Amino acid sequence: MDLLFQLFLPVRCSGCKIYESSGFCPSCQNKLPKNPILFSIPPILEGVALSFYSPPIEQAIHDLKFKHQKVLGWTLGHLMGEAVQKRDWDFHCIAPVPMEKKKWKKRGYNQSEILARGMSKVLGRPCRNILEVLRSVSHQVGLGRKERLENVKEAFGVNQSESVSMRSFLLVDDVVTTGATLSECAAVLVKNGAEKVYAACAARHLLSES
Ligand SMILES: [Zn+2]
């Protein structure tokens, strides 16, 4: 669809399709679990996801990534920020999982960065692009846990202009599946002297095969 035309289309809720400027209406927000899903994938101390990867959040993440509904990044980021507020976590800054330049050029934005910026507003901590992609990573979809780990190994690095040593971070990604990407990003931060790493995602996707 033409991008300019899309700008003038009224936004509908991803879940129930009513007109809703935030992209995700209060009634669909109420369908999310009352308590966030907790996970721990070393070296990440603790992580939260708003919901399992199922409707209505599944559609919202899809619209954020593939339908240019950037407003959803702010809305979901806001909800993720509120979920993190309830945790007793201490971190200096919010760091989105980076996106490959080629992919960024095609999409025009990194959805994890928009989520992180939405969270930053709620949490009052800066969002910084601390991490960068060092090499191309093939699609993780369809891969098992072991292959995913292999696929992202040494794929990320720390942006040289950022200081990591003795700092704590909140990593942000849209979906966590096996956690291979988040775990590799956290490992890079720890290797560069980070003290603690936490994580927040919009949804947790469970792999059926492992
Ligand atoms: Zn709705």
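Before any of the text, the structure's been laid out above.
Residues numbered from 1 in each chain as written. Predicted model: local features only at pLDDT ≥ 70, side-chain atom pairs only at ≥ 80, totals over all residues.

Student: Even after reading the chapter, I still don't get the nonpolar core, so can you show me in this structure?
Tutor: Nonpolar side chains tend toward joint burial in soluble globular proteins. Core analysis: the biggest nonpolar cluster contains 51 residues, and M80, L170, L171, V172, A200 and A202 have the highest contact counts within it. Looking at this core, the elements with two or more residues in it are strand 2 (47–52), helix 3 (57–66), helix 4 (71–85), strand 3 (93–96), helix 6 (111–123), strand 6 (169–176), helix 8 (180–191) and strand 7 (197–204). Among the elements that take part in this core, strand 7 stands out by supplying seven residues, more than any other. (Core = buried A, V, L, I, M, F, W, Y, C linked by C-beta atoms within 7 Å. Buried ≥ 20, exposed ≤ 12 C-beta atoms within 10 Å, placed from the backbone. Helix = DSSP H or I, 4+ residues; strand = E, 2+ residues; numbered from the N terminus.)

Student: Explain helix 6 here, please?
Tutor: Every α-helix carries 3.6 residues per turn, so stepping three or four residues along brings you back to the same face. The end-to-end C-alpha separation of helix 6 is 18 Å, in line with the 18 Å expected for 13 residues at 1.5 Å each. Of all 13 residues in helix 6, ten are buried, a share of seventy percent or more. Taken together, the buried positions of helix 6 are occupied by Q111, S112, E113, I114, L115, A116, G118, M119, S120 and L123. Looking at the buried side of helix 6, the elements it contacts are helix 3, helix 4, strand 3, strand 6 and strand 7. Count one or two residues on from helix 6 and you reach G124, which has phi positive near 65°. (Expected span 1.5 Å × (residues − 1). Contact = placed C-beta atoms within 7 Å.)

Student: Looking at this model, I keep getting lost on unusual backbone geometry. Mind explaining?
Tutor: In this structure, the amide linkage connecting P42 to the following residue, P43, adopts the cis form with an omega of 0°. Checked against the element boundaries, P43 lands in the loop between strand 1 (37–39) and strand 2. Across the junction of P55 and P56, the peptide omega takes the value 5°, indicating a cis bond. If you trace the backbone, P56 turns up in the loop between strand 2 and helix 3. You will see that K17, though not glycine, has its phi angle at about 70°, which is positive.

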